[in-house]
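Fold and contact review
Spelled out from the first residue to the last, the chains are:
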Amino acid sequence: MDMSIEAANGVKIPQLGFGVYNLKQGKNGVFEKTINEAIKAGYRHFDTARIYGNEQALGRGIEDSGLPREDFFLTSKVWTTDLGYWQTQQAFEHSCKKLNTTYLDMYLLHFAGPHYVDAWKALEKLYVEGRIKVIGVANFEIEHLEHLKKHSEITPMINQIETHPEFQQQPLREYMSRHQILHEAWAPLGQGNKALFENTELKDIARGHQKTVGQVILRWHLNRETIVIPKSSNPQRIKENMDVLNFNLSEEDMERIARLDTGKRYSVNPRGYQVNPMFVKLMKLFM
Ligand SMILES: NC(=O)c1ccc[n+]([C@@H]2O[C@H](COP(=O)([O-])OP(=O)(O)OC[C@H]3O[C@@H](n4cnc5c(N)ncnc54)[C@H](OP(=O)(O)O)[C@@H]3O)[C@@H](O)[C@H]2O)c1
């Protein structure tokens, strides 16, 4: 799969990647086996985060493939409790160590938590030093991006945000497009939401192309020049989600999907998002 999108600095990002949040972990290397399935299916872009507690297992899965590090595009994210000029640099080193790498292809601020401007300065430094190829943010709203613009040298090259047919992010997308900030969708499949997969319009479009609803949703994202990172622990769906380049949606299909936008998120609102301290304590046990 060589479909890629260029960041503002010319670095190519594979448009169809693989997310590993909540990917099954356990004994017998089940996580590593799933990564292996994904690599066999053709994925080379993997999205993790320190808070997911699976960077080390992802690093092992990649190493087990026997392919060179440069064949992969690896993203990680700095968690809210690690925001700050020094803390973020330490968190970056920690993630690199876990992933068994000396550099990251992409590193993102996970949320606009306290001290995110100082954390951004750390990302700028690591970028200038060549340790990160693409620097960006996740869950940033227009007000966060505007604030960062006033206090930074480099504009974030990408913003990873909840996006699916029922939450299309139109106003933020337009702002990002004006500022050369790429759009990356998390929850591109709406986290497998049943009602979304049962939507009659999507089912009808899928029937017309002899594809699944999941494939139609992913194709819709790709046509909107959004980078996607669907997660699946299921070997059949891992292949299915990669098999989206041999068909296309018509303008009418795209318009029908555009009309499904309700403007309502399925997940957390990044404005004033509060991290549950208990959750952080629990996650740190696994990191
Ligand atoms: N920056 C952030 O704050 C943030 C937040 C959330 C996620 N993310 C990133 O984005 C990635 C993707 O988001 P996500 O994992 O939340 O949601 P998602 O990829 O939209 O959906 C994953 C869910 O959909 C199911 N699924 C996968 N392929 C399917 C298909 N073809 N048909 C039907 N169901 C399918 C999966 O079940 P099976 O596993 O059983 O297939 C899983 O339950 C994450 O893994 C993570 O890397 C980032």
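One can find the structure itself at the top, above this paragraph.
Remember, it's a predicted structure, so these values are computed and weren't measured experimentally. (Residues numbered from 1 in each chain as written. Predicted model: local features only at pLDDT ≥ 70, side-chain atom pairs only at ≥ 80, totals over all residues. Heavy atoms only, no water.)

1. Some thoughts on the packing of helix 5 (residues 142–150) against helix 6 (residues 170–178)
- Across the interface, helix 5 lies against helix 6 with an axial gap of 10 Å and an inter-helix angle of 25°. In this view, helix 5 runs roughly parallel relative to helix 6, as classed from their interaxial angle. Between helix 5 and helix 6, the residues in contact are Ile-142, Leu-145, Glu-146 and Lys-149 and Pro-171, Leu-172, Tyr-175 and Met-176, respectively.
- Its residues assigned to classes, the contact of helix 5 with helix 6 shows six nonpolar, no polar and two charged. (Axes fitted to C-alpha atoms, helices over the stretch in contact; angles between N-to-C directions. Helix = DSSP H or I, 4+ residues; strand = E, 2+ residues; numbered from the N terminus. Parallel < 35°, antiparallel > 145°, perpendicular 65-115°, else oblique. Contact = heavy atoms within 4.5 Å. Nonpolar A, V, L, I, M, F, W, Y, C, P; charged D, E, K, R; others polar.)

2. Overview of the side chain of His-110
- Here His-110 shows up in the loop between strand 6 (104–109) and helix 4 (116–128).
- Residue classification places His-110 among the buried residues on the basis of a relative accessible area of 8%. (Buried < 20%, exposed > 50% of the residue type's maximum accessible area, 1.4 Å probe, protein only.)

3. With respect to helix 4
- Helix length check: helix 4 (13 residues) gives 18 Å between terminal C-alpha atoms against 18 Å at 1.5 Å per residue, within 8%.
- Along helix 4, the residues classified as buried are Tyr-116, Val-117, Ala-119, Trp-120, Ala-122, Leu-123, Glu-124 and Leu-126.
- Buried residues along helix 4 sit against helix 3 (85–99), strand 6, strand 7 (132–138) and helix 5. (Expected span 1.5 Å × (residues − 1).)

4. Re the packing of aromatic side chains
- On inspection of all chains with the given rule, the structure shows eight aromatic pairs.
- When the centroid spacing of 5.1 Å and the interplanar angle of 65° are considered together, the rings of Phe-18 and Tyr-43 count as edge-to-face. Here the residue Phe-18 occupies a position in strand 3 (residues 18–19), and Tyr-43 occupies one in the loop between helix 1 (30–41) and strand 4 (45–47), the gap between them amounting to 25 residues. Like Tyr-43, Phe-18 is buried.
- On the numbers, 5.2 Å between centres and 80° between planes, the contact of Tyr-116 with Phe-140 is edge-to-face. Taken together, the residues span a long stretch of sequence, with Tyr-116 in helix 4 and Phe-140 in the loop between strand 7 and helix 5 at a distance of 24 residues.
- With a relative accessible area of 10%, Tyr-116 lands in the buried category.
- Feature note: the residues Phe-18, Tyr-43, Phe-46 and Phe-72 constitute an aromatic cluster, connected by ring pairs. (Phe/Tyr/Trp six-rings, centres within 6.5 Å; stacked < 30°, edge-to-face > 60°.)

5. Some thoughts on the pattern of salt bridges
- Counted by the stated rule, this structure contains 15 salt bridges.
- For the salt bridge of Glu-143 with Arg-271, the shortest nitrogen-to-oxygen distance reads 2.7 Å. Highlighted residues: Glu-143 in helix 5 and Arg-271 in the loop between helix 11 (251–258) and helix 12 (277–286), separated in sequence by 128 residues.
- Relative accessible area serves as the criterion here: at 38%, Glu-143 is assigned to the partly exposed category.
- In this structure Arg-271 comes out as partly exposed when scored by relative accessible area, which is 46%.
- Close ionic contact of Arg-256 with Glu-201 constitutes a salt bridge, the shortest N to O distance being 2.7 Å. (Salt bridge = Lys/Arg side-chain N within 4 Å of Asp/Glu carboxyl O.)

Functional significance is not addressed by these values, which are geometric in nature.
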